[in-house]
Each structure stands twice: as C-alpha cells, then as structure tokens.
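Each chain is listed here by its residues.
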Amino acid sequence: MGQIKEIVRLDRLLANSGYGTRAEVKAMIHAGEVSVNGNSAPRVDDHVNLSKDRIEVCGQLLKVSIHTCYMMNKPAGYVCSSKGGPHATVFDLMEEKDRGKRLGGELSIVGRLDVDTEGLLILTTDGELNHRLTSPKYHIPKSYFVRLENPVSAEKQEQYIQAVAKGVEIPPEDHEPGALCRGGKLEWESGVTCRLTIYEGLYHEVKRIFKALGNQVVFLKRVGMNNLVLDEKLAPGEYRELSEKELSALTLTNAIL
Ligand code: URA
C-alpha cells in the first residue's frame, strides 16, 4: 500500500473531501469560508497537517477520512478495468472529481464483476481493505442473484443445494485451471432464480458452478459482500460513498477469519 501523506495542500484536501473542484474550493477559500486553526484567510497553497490542524468549512469541522470507499450499482455493458477497450469502464460512470487521485491514493476495484454482471461493486483507495475482501484466505461471503436458462425441478433443486454446500468442481475456463470451490449456500426463489453465496471469488466462479451442474447463468447480479447489501435505491450506474455503518458492515465482522 502507498504511503499516506499527512501534509497536504489545503485546496487539494478540500477537493478530495468532496467540496467541489479545485476551482470551486479555491473560490470558497478566497470567500473566507475556510479557516485553519482559526485563521480565516488561509492561502489556497497553504499546506495543512491532517493529524494536527483544525480545518473548518463554513464553521463546520472538517472530518478528514484518508480513504474513500464507494458502492456502485454496476450496470451490464461496463468492464471492471481502468483501461478502455471495446467497452466503457466503470470509471466512465464516475464524475471526474470522484475518480481522480484521492488523499488515500488511486481508486481500485474490489473484486471484479464480468462485463455482463450487474450489482454491488466496491471501489476504494484502501489497498489493505481490498486485499482482505478479495483474498480467498479470508472467506468473505459474496452473494448473487442468479437467473438460469433451464428450469430446475424441486428434486434437482435439492441436489444443487447439496452440491453447492459440498463444493463444486468447476471446469477450466480461458486461461484458468479447473478448481474445487469451497462450499457455498444456495437458496431457491423459483425454478429458475436463486441466491448463491460463495466465499472465494474465483474467475467466473458463479457461471462455472452452474455450468458444472449442467445449467447456464443468463442473468447475474451481486447483491451483497460480507454484511453489506446493495442499496437498491441506487439506479444502475449510480454510486455513492459508504456510510460509517456500511463500512463496518463491509469490514468489521466475524466473517473475516
Ligand atoms: N462469478 C461470475 O461468474 N461472474 C461474476 O461477474 C462474478 C462472479
């Protein structure tokens, strides 16, 4: 993980804390809306110490959080990559001021979703958090809503549940070798729709599990990660910062072994 800088330029700090573009925060500083340790006429290029200085904006104490963590409702048709290609990337859905370099560094994607997969996508500057949520050794639950191509009878549904609980042997795909998935949890909603919770995040894991069971995924949406659930009020393509409570749901749970 990159070193966190404690001494930062005032205008950069405000812009990275969501107060507007660099030009907008400069205007706020010039208008006397920002004070540093009681000085209400700081310069835009003054440097402030994040662990010592008291910064107020319009009389409100600035609470500096070094890292940024967003929840996005990813739509189909966007790739989880910072590089362009035939498809637009999830970063193209973000405003310039949000996707740029932040106090905590560059934003990165936590656990990629396929181009045709929708739903909960986390983007954070916190590399350590990213590692804890994606490394298979921490067994973080990821839940998906799945629609299948072929209807599954009640009897077969039970077989799918047992197979998933035991751990499905998935076939090789593209450059990835076959693997034995760790046991997961499957709950049926209808003959073709179900919720699957898995604990690893292997390449195309959900699609490969159902392929191994003789079916095919026709719609896939991630709805939860750890104890965090997708905010369904976010329309596809929308994103917002996580609240403190949501951040705890994502990070501080007994799911992290
Ligand atoms: N499993 C898949 O097959 N695709 C995804 O996008 C996520 C999990």
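1. Notes on the overall build of the chain
Counting its regular elements, the chain contains 7 helices and 18 strands. With respect to the principal axes defined by its C-alpha atoms, the chain has extents near 75 × 40 × 35 Å. Buried residues in the chain amount to 44% of all 257 residues. Of the charged side chains in the chain, 33 are positive and 35 negative; the average position of the first set lies 3 Å away from that of the second.

2. A look at the site of the ligand
Around the ligand, a shell composed of Leu-113, Asp-114, Thr-117, Tyr-144, His-204, Glu-205, Val-206, Lys-207 and Leu-220 is seen. Here an oxygen atom of the ligand and a side-chain polar atom of Thr-117 are 2.8 Å apart. Compared with its free state, where it exposes 240 Å², the ligand has 95% of that area covered by protein. Considering every element that reaches the shell around the ligand, the biggest residue donor is helix H6 (residues 205–212), with 3 residues. Taken together, the residues that form the shell around the ligand break down as 4 nonpolar, 2 polar and 3 charged. Both domain 2 (69–137 + 227–251) and domain 3 (141–225) contribute no fewer than three residues apiece to the shell around the ligand.

3. A short note on the nonpolar core
The biggest cluster of nonpolar side chains holds 32 residues, and the ones touching the most others in it are Leu-123, Val-146, Leu-196, Val-206 and Phe-210. Among the elements of the structure, strand S6 (69–74), strand S10 (118–124), strand S11 (142–148), helix H5 (154–166), strand S14 (185–188), strand S15 (193–198), H6 and strand S16 (217–225) are those that each provide at least two residues to this core. Formed jointly, this core draws a minimum of three residues from each of two domains, domain 2 (69–137 + 227–251) and domain 3 (141–225). Not counting residues up to four positions away in its chain, the partners in contact with Phe-210 are Val-146, Leu-148, Tyr-160, Leu-186, Cys-194, Leu-196, Asn-215 and Val-217.

4. Things to note about unusual backbone geometry
Note on backbone geometry: most residues besides glycine have negative phi, and most peptide bonds are trans. Residue Asn-37 is not a glycine yet carries a positive backbone phi of 50 degrees. Structurally, Asn-37 is set in the loop between strand S2 (34–36) and strand S3 (47–49). Look at Asn-37 and you get partly exposed, because its relative accessible area is 48%. Even without being glycine, Asp-174 reaches a positive phi, approximately 50 degrees. Positionally, Asp-174 belongs in the loop between strand S12 (169–170) and strand S13 (179–180).

5. Points about the domain arrangement of the chain
Assigned domains of the chain: these are domain 1 (7–61), domain 2 (69–137 + 227–251) and domain 3 (141–225). One C-alpha centre belongs to domain 1, the other to domain 2; they are set 27 Å apart. Facing the 6 residues of domain 1 at the interface are 4 residues of domain 2. Both sides of the domain 1 and domain 2 interface together cover about 500 Å² of buried area, and 55% of this is carbon and sulfur. At the surface where domain 1 touches domain 2, the tally comes to 0 salt bridges. Across the domain 1-domain 2 interface, the total number found is 0 residue pairs in polar contact (both at pLDDT 80 or more). Classifying every residue of the side of domain 1 that touches domain 2 by side-chain character gives 3 nonpolar, 2 polar and 1 charged.

Thresholds, definitions, all that
Residues numbered from 1 in each chain as written. Predicted model: local features only at pLDDT ≥ 70, side-chain atom pairs only at ≥ 80, totals over all residues. Heavy atoms only, no water. Helix = DSSP H or I, 4+ residues; strand = E, 2+ residues; numbered from the N terminus. Buried < 20%, exposed > 50% of the residue type's maximum accessible area, 1.4 Å probe, protein only. Lys, Arg positive; Asp, Glu negative; His and termini not counted. Charge placed at Lys NZ, Arg CZ, Asp CG, Glu CD. Near = heavy atom within 4 Å. Polar contact = N/O pair within 3.5 Å; in protein donor to acceptor, adjacent residues only side chain to side chain. Areas by Shrake-Rupley, 256 points an atom, 1.4 Å probe, with all protein chains shown as cover. Nonpolar A, V, L, I, M, F, W, Y, C, P; charged D, E, K, R; others polar. Domains from an automatic or database assignment. Core = buried A, V, L, I, M, F, W, Y, C linked by side-chain atoms within 4.5 Å. Contact = heavy atoms within 4.5 Å. Buried area = accessible area lost by both parts, 1.4 Å probe. Salt bridge = Lys/Arg side-chain N within 4 Å of Asp/Glu carboxyl O.

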